[in-house]
Amino acid sequence: MTRAITFEVTHVCKQSGARTGLLHTPHGTVETPMFMPVGTAATVKFISPEELYDMGAGVILANTYHCWLRPGEDVVAAAGGLHKFMNYKNPMLTDCGGFQVFSLADRRKIKEEGVTFKSHLDGSTLFLSPEKSIEIQNKLGADMIMSFDECPPYPATYQYMEDSVNRTLRWAERGLKAHKRVGEQGLFGIVQGGEFEDLRRHSAESLVAMGQFEGYAIGGTSVGETKETMYKMIDYSVKHLPYEEVRYLMGVGSTDALLEGILRNVDMFDCVLPTRIARHGTLMSSQGRISIKKQEYEYDFGPLDPECDCYTCKNYSRAYLRHLFRCNEGLGSRLLSIHNLRFLIRLMEEARQAIKEDRFLDFKNEFFARHNLNSIDSRGF
RNA sequence: GGGAGGGUAGCGAAGUGGCUAAACGCGGCAGACUGUAAAUCUGUUCCUUCGGGUUCGGCAGUUCGAAUCUGUCCCCUCCCA
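The model shown is predicted, which means the values in this text are computed figures rather than measured ones. (Residues numbered from 1 in each chain as written. Chains lettered and ligands numbered in written order. Predicted model: local features only at pLDDT ≥ 70, side-chain atom pairs only at ≥ 80, totals over all residues. Heavy atoms only, no water.)

1. Considering the overall build of chain A
Now for step 1: Scanning chain A from N- to C-terminus turns up 15 helices and 16 strands.
Now for step 2: Overall size of chain A, expressed as C-alpha extent along the three principal axes, is 60 × 50 × 40 Å.
Now for step 3: For chain A, buried positions account for 59% of its 381 residues.
Now for step 4: Summarising the internal contacts of chain A: among those between residues at least 6 apart in sequence, 67% fall at separations of at least 24.
Now for step 5: About 15,000 Å² of surface is accessible on chain A, with carbon and sulfur atoms providing 48% of the total. (Helix = DSSP H or I, 4+ residues; strand = E, 2+ residues; numbered from the N terminus. Buried < 20%, exposed > 50% of the residue type's maximum accessible area, 1.4 Å probe, protein only. Contact = heavy atoms within 4.5 Å. Areas by Shrake-Rupley, 256 points an atom, 1.4 Å probe, with all protein chains shown as cover.)

And the structure:
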């Protein structure tokens, strides 16, 4: 099989077993473990591609459901694909629409054939199937595409989860058959199964047995479960995936969960958290999550985070950012998004360095101790 | 000088006898946010030792009861001379 995506493990930390690697894509190679900023509607909200390059971003995401509705996959295809359409030269990944099965739960209906949505834009009826999701993603043209899944709710009964997992597996087989750009785009399978060990195993083993996925994602996390449960979900999934293939933990972006994921041999992460909380005035810093709008920063002319090397920290003060947010000036959202994204990208850089130097466990433990994080149930920041 | 309309919490603005410590908006303060229906959403915003206390320009009345009715004074806006 000709592959678009290949992965190689480059070092395994002798202290922790965590790994670094290289992910080769049609748009270049990126180091793992890594964090991917989310650009749902073919844009990382408020951030230009040049700013993404400057902060060290590699892969970014776009979303099938949202790009399908606007501008439409044919527009993107006519532009020459997502990279050309949005002027991003580094690798890209598209999510399949499966998260919208979760987030738009009150306006969709799941059937064997696919999922019917009532558009959040105009109420019209939409139908997304495994084949349609792949067709759209083929047209969008990202380097990595995802097999259509149901991101199930939490908690869910065993019976619900079993039915959901098996349906998602049938969708995965249909997606593989529908994929028309093998060799140009790598299709990833998504492991589901909620908190149930045997279902996670069944899901992972079945996807692997299909023999054609170029990477594996762990889905159904960060949907309301505790950190302890999330880590179990990761464990139950990862141990049934081939060691040499890349693993992607979907939708996770709190600092503690990123480090716990790396410890469990996860290579890729994405999350809207840094950009969303940035737009809402919260920054991730070496001192934890900080609401920049707080009164105590009125006269604070120091940087957001004295340990940060981002554009925002090098040029602006907490007092100025507070002012921008109080005035609802968009620059505040931009500058804070730049900072938060750089914060997580730098955390990944430091984690990779620690792995290469065989001290990742120390690195993780020091980070947790320093930020007073509990390893199994903190919100992180 | 004559006439008309107004003064309600930080601001704007409802309310025109009891269900009103007083809608709503803004502003303020605090919180949430994890494959983005999110530049969003939630809580709170007279004082309090949580029993209560003091309010709707000031004062004096009417009434069982007044932000709401009467008198008077102060102030603001507009129109006419």
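2. Things to note about the sheet that holds strand S8 (residues 115–118)
Now for step 1: Within the open sheet, the three strands sit side by side as S7-S8-S9. Their pairing is antiparallel. The two strands at the open ends of the sheet, each matched to only one other strand, are strand S7 (108–110) and strand S9 (125–128). Averaged over all neighbouring strand pairs, the angle between strand axes comes to 20°, with direction disregarded.
Now for step 2: Relative to S9, S8 is paired through four bridges, and the arrangement is antiparallel. Bridged to Phe-117 within S9 is Leu-126. (Pairing = 2+ DSSP bridges. Axes fitted to C-alpha atoms, helices over the stretch in contact; angles between N-to-C directions.)

3. Some points on the environment of Arg-346
Now for step 1: Considering the arrangement of structural elements, one finds Arg-346 in helix H14 (residues 330–356).
Now for step 2: If near-sequence neighbours (up to four positions away) are discounted, Arg-346 is found in contact with Asp-305, Glu-307, Cys-308 and Asp-309.

4. Examining the confidence of the model for chain A
Now for step 1: The predicted model of chain A has a mean per-residue pLDDT of 96, with 98% of residues at 70 or higher.
Now for step 2: Here the complex is predicted with pTM 0.94, and the ipTM for its interfaces comes to 0.94. (pLDDT = per-residue confidence, 0-100.)

5. Topic: the nonpolar core
Now for step 1: With 85 residues, the main nonpolar core has Tyr-248, Met-268 and Phe-360 as its most contacted residues.
Now for step 2: The dominant element in this core, judged by the number of residues it contributes, is H14, at 10 residues.
Now for step 3: Sequence-distant contacts of Phe-360, that is, excluding residues within four places in its chain, are made with Cys-13, Gln-15, Ser-16, Ala-18, Leu-259, Ile-262, Leu-263, Ala-351, Ala-354 and Ile-355. (Core = buried A, V, L, I, M, F, W, Y, C linked by side-chain atoms within 4.5 Å.)

6. Quick word on the sheet that holds strand S6 (residues 92–95)
Now for step 1: On the basis of which strands lie adjacent, the open sheet formed by eight strands has the order S4-S14-S13-S12-S11-S10-S6-S5 and parallel pairing. Each end of this open sheet is capped by a strand with a single partner; those strands are strand S4 (34–37) and strand S5 (60–63). Averaged over neighbouring strand pairs, the angle between their axes works out to 25° when direction is ignored.
Now for step 2: In the sheet, strand S13 (residues 247–249) pairs with strand S14 (residues 268–271) via two bridges, with the strands oriented parallel. Paired with Tyr-248 across the two strands is Met-268, which belongs to S14.
Now for step 3: Relative to the sheet, helix H9 (residues 227–238) contacts strand S11 (186–191), strand S12 (215–218) and S13, its axis offset from that of S12 by approximately 155°.

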